[in-house]
Each structure stands twice: as C-alpha cells, then as structure tokens.
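# Geometric and topological summary
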Amino acid sequence: MSVLRSLLFVPGNRANMLQKAMDSAPDAFIPDLEDSVPADEKTQARNVTASFLAQLAQVGPRVIPRVNSLDTGLLEEDLAAVVGPHIYGVSVGKISTPAHVAAVDGVLEKLEAKTGLQRGQIKLVPWIETALAIVKAYDICTASPRIVGVAFGAEDLTHDMGIERSEDDAEVAYSRNVMCVAARAAGVLALDTPYFGFRDPEGLKRNAQASRKIGFKGKFAIHPAQVDLINAAFSPSEAEVAHARRVVAAFEEAERQGRGSTSLDGQVVDVPVVKRARALLEVADSLR
Ligand code: COA
Ligand code: MG
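To start, this report covers the structure provided alongside it. Everything numeric here is computed off the predicted structure, so don't read it as measured data. (Residues numbered from 1 in each chain as written. Chains lettered and ligands numbered in written order. Predicted model: local features only at pLDDT ≥ 70, side-chain atom pairs only at ≥ 80, totals over all residues. Heavy atoms only, no water.)

### A closer look at the coordination of the magnesium ion (ligand 2)
Rules: Water is not part of the atom set, so a site may look incomplete; the donors themselves are N, O and S atoms within 2.8 Å of the metal, or 3.2 Å for Na, K and Ca. Each helix is a run of H or I in the DSSP string that is no shorter than four residues. Each strand is a run of E no shorter than two, and both are numbered from the N terminus.
In the first shell of the magnesium ion (ligand 2), the protein supplies Glu-129 (OE) and Asp-156 (OD), at 2.0 to 2.3 Å from the metal. With Glu-129 in the loop between strand 6 (123–128) and helix 5 (131–135) and Asp-156 in helix 7 (residues 154–161), this pair connects stretches of sequence that are 27 residues apart.

The following block contains the structure:
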C-alpha cells in the first residue's frame, strides 16, 4: 500500500494558493474543484487547476485533484480537464453506491483511451460522506481496482444525518469505525476528514492521533501549517519505534529459549503483539 499521510487541499480557483502549496511537503496535493470553489467560479477553477498540474507534479507529492460529484453535472468536464500524465488519481465527492464508482470508472476509462494513458492508470479516492455510503462502505471500497483509498467526509455526513459537528467526533464515531474497518478489509487506505481549526495545532494533534488509533492512515489538510503535524501524527514516533524494538528483542530471546510468549514491563508479548511491533517497524523503515 502506498503512503498518503497528509493530503493538502488547495482551492482550485486560487492561483496564489496553488503557487504557495508548492512550498510545503504533503504526501499529496489535492487541487479542489468541489466545495472550496464558489458556484460561479467552477469553470475558472477548472482552467486554473489544469494550468498548474504540470508544475505541481514536478514538486514530488502525488497530485490528486478533487472534482465535483456526479449529481452536479460538472464531473465529466472536470475530469476531462485534469486527466493526463501529471496526476496520480482523482478524488470524487459524495460517492454513495458502487454504481457511482462504476459511473466514474466509465468516464475515466474513456479519458485514458483518449489521452494515451494506460487503462486503469488513474487512481480513485471516493469520499464516503453520506449515510448510504457508510452502509455500503465495503462494497464501495471494492467497486474498482482504481481505488487506493477512501476519504471520510464528516461535514457532509453530519449534514446528511441532520446533526451537528462536535470537537470530540462522538456523533461520527460509529461511521468512522465502519469506514476504517471496510477500508482495511478491502486493502485500501482510510483517509480522515480535515480538521477545521487551522490555527489550533494542539487540537489537530489530538484529533489526528485519535484518527490513527482507530485505523486511519492519513488525513486531509486545509492549510499548509497542518501538513507537518499530520505527517508526524501518522508516522511511528521515536518512542513507539524504540518500544517495538524491545518487544521484538524480548520475543526473539523467548523463542531462543523455546517459548512462544514472554513479558515486557509487566505486559504479555506473544505472536500478535510481536506481529504488530514488526509491522510498525516496517512502516517506520519505509518512511525513512
Ligand atoms: N493551500 C495553499 N496555500 C494556502 C492554503 C491552502 N490550503 N491555505 C492558506 N494558504 C496560504 C494563504 O494564501 C496565505 O498565503 P500568503 O501568505 O501568500 O498570503 C498563507 O497560506 C497563510 O494563510 P492564512 O492567512 O493563515 O490563512 P487564510 O485566511 O488566507 O486562509 C482558509 C484560510 C481556511 C480560507 C484557507 O486555508 C483555505 O481556503 N483552505 C482550503 C479550504 C478547502 O480546501 N476546503 C475544502 C475542503 S473541506
Ligand atoms: Mg464533502
């Protein structure tokens, strides 16, 4: 699985912000044509974003434009403007059923043929942000081999549910868990909704750590100042790496003595515990 810890949203109609984004180092740039762009600037955003894709791709992070959802009538033209050699994939809002994925898939297939890309080259990150999408989460995650991750959209989901957002995410806890389990079962990344308090680094840190704890592998950023904090929150800390090394060492020592389990600091170390420790060390190594 690829690494997508931080995904930086940039309003697609704002050339100055697209320029500014290139100074930061997220794992992906998400030029947005959807909800950060006012209705009367949709065409302009499409053109501005298209003109920046080559430059964004040069920087290093993957480029994954977010296009308008199927129900807007804008999706086909959005995709036609961004699909090409400079993007890794596209993200699509308000995907609620496998049929929605199939519809996007069909448009991408035509555009790949037209632009000389390999079939299936353009990856897909659907937004899971309606009650129906939560119910159908696993079927959506497995609806196309293009899907590399799914994005949890708390703002649209609470709108759909007719409920308010809160700082502790209690109202979306069930949905978050469902999506993380579905994503894992499908072998794709669970990516978390942005944290809107962009001047509250402590709040973001707590929020991102809580996300990682339940299985999210990354999180969207709405401001460049959030990128480093998100990268850190979704990377194993030095303390975690040191502890994992001790767990592995204790287990290997036990194995040499012909035992299948042992203890460390008063906690049992057995096969699943050492598997988790080794997996964490693998992630840490791959990020180095
Ligand atoms: N990408 C690139 N640059 C950004 C940025 C972003 N997401 N957010 C802010 N910046 C830039 C600003 O343009 C400003 O640049 P400047 O110094 O050249 O003027 C600099 O970073 C500092 O910005 P700041 O003054 O702290 O914030 P702001 O008031 O200009 O913008 C927001 C705050 C929330 C309006 C802005 O961050 C934003 O539009 N974010 C994206 C929202 C979004 O994409 N929503 C959809 C997903 S839910
Ligand atoms: Mg949304």
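### Here's the deal with the side chain of Arg-5
Filter applied, for reference: In what follows, residue pairs with any heavy atoms lying within 4.5 Å of each other are defined as contacts.
The residue Arg-5 is located in the segment before strand 1 (6–11) in this model. Dropping the residues within four chain positions of it, Arg-5 is found in contact with Asp-27, Lys-217, Gly-218, Lys-219, Ile-230, Asn-231, Phe-234, Ser-235 and Leu-287.

### With respect to the packing of aromatic side chains
How two aromatic rings sit relative to each other is given by the distance of their centres and the angle of their planes. We apply this condition: Stacked, edge-to-face and tilted are the three classes for Phe, Tyr and Trp ring pairs, Trp counted by its six-membered ring, which pair at centre distances within 6.5 Å; planes under 30 degrees apart are stacked, over 60 edge-to-face, the rest tilted. We call a residue buried when its accessible area falls under 20% of the maximum for its residue type, exposed when it is over 50%, and partly exposed in between, using a 1.4 Å probe and counting protein chains only. By definition here, charges over rings are those cases where NZ of Lys or CZ of Arg is within 6 Å of the ring centre and within 35 degrees of the ring normal.
As enumerated under the stated definition, the model contains 4 aromatic pairs in all. Geometrically, the ring pair formed by Trp-127 and Phe-220 is tilted, given 4.6 Å between the ring centres and 40° between the ring planes. Taken as a pair, Trp-127 in strand 6 and Phe-220 in strand 9 (residues 218–221) lie far apart in primary sequence, 93 residues in all. Note on accessibility: Trp-127 and Phe-220 belong to one class, buried. Both rings, one in Phe-152 and one in Phe-216, keep their centres 6.4 Å apart while their planes meet at 50°; by these two values the pair is tilted. Taken together, the positions of Phe-152 in strand 7 (residues 149–152) and Phe-216 in the loop between helix 9 (201–213) and strand 9 put the pair 64 residues apart, joining distant regions of the chain. The exposure classification of Phe-152 matches that of Phe-216, with both residues buried. Members of the aromatic cluster, joined through ring pairs, are Phe-9, Trp-127 and Phe-220. Its end group placed over the ring of Tyr-88, Arg-62 keeps NZ or CZ at 4.4 Å from the ring centre. The ring of Trp-127 is capped by Arg-66, whose NZ or CZ atom sits 5.2 Å from the centre of that ring.

### Points about the environment of Val-63
Its location among the elements puts Val-63 in strand 3 (residues 62–63). The spacing of Val-63 and Val-247 is 184 residues in sequence and 38 Å in space, taken between C-alpha atoms. In contact with Val-63, other than residues within four places in its own chain, are Phe-29, Pro-31, Leu-53, Leu-56, Ala-57, His-86, Ile-87, Tyr-88 and Gly-89.

### Focus on unusual backbone geometry
The phi angle at Asp-169 is positive, at roughly 65°, despite the residue not being glycine. Mapped onto the fold, Asp-169 is located in the loop between helix 7 and helix 8 (173–186). A positive phi angle is found at Asp-265, which is not glycine, with a value near 50°. Here Asp-265 is to be found in the loop between strand 10 (262–264) and strand 11 (267–269).

### Quick notes on the pattern of salt bridges
Which entries qualify depends on this criterion: One side-chain nitrogen of Lys or Arg within 4 Å of one carboxyl oxygen of Asp or Glu is enough to make a salt bridge.
For the coordinates displayed, the defined rule picks out 22 salt bridges. Note that Glu-77 is salt-bridged to Arg-46, the shortest N-O span being 3.4 Å. You can see Glu-77 sitting in helix 3 (residues 75–82) and its partner Arg-46 sitting in helix 2 (residues 42–59), a full 31 residues away along the chain. Of the charged contacts in the structure, one is a salt bridge between Glu-253 and Arg-256, with a shortest N-O distance of 3.0 Å. In this pair, Glu-253 and Arg-256 both sit in helix 11 (residues 238–256), 3 residues apart, roughly one turn of the helix. Several salt bridges share partner residues, and in doing so they unite Glu-155, Arg-165, Asp-169, Glu-171, Arg-176, Asp-192 and Lys-219 into one network.

### So, the packing of helix 11 against helix 12 (residues 271–287)
Our working rule: The axes used here are C-alpha line fits, helices contributing only the stretch in contact, and every angle between their N-to-C directions lies in the interval 0 to 180 degrees. Angles below 35 degrees are treated as roughly parallel, those above 145 as roughly antiparallel, those between 65 and 115 as roughly perpendicular, and all remaining angles as oblique. Working rule for handedness: look at the near helix, and if it is turned counterclockwise from the far one by less than a right angle, call the crossing left-handed; if clockwise, right-handed. Here the term charged refers only to Asp, Glu, Lys and Arg, the term nonpolar to Ala, Val, Leu, Ile, Met, Phe, Trp, Tyr, Cys and Pro, and the term polar to all other amino acids, Gly among them.
At a minimum axis distance of 9 Å, the contact between helix 11 and helix 12 shows a crossing angle of 135°. In terms of axis orientation, helix 11 runs oblique to helix 12. With respect to the hand of their crossing, helix 11 and helix 12 are arranged in left-handed fashion. Each of Glu-240, Val-241, Ala-244, Arg-245, Val-247, Val-248, Phe-251 and Glu-252 in helix 11 lies in contact with helix 12, whose residues at this interface are Val-271, Val-273, Val-274, Ala-277, Arg-278, Leu-280, Leu-281 and Ala-284. Partitioning the contact of helix 11 with helix 12 into residue classes produces 12 nonpolar, no polar and 4 charged.

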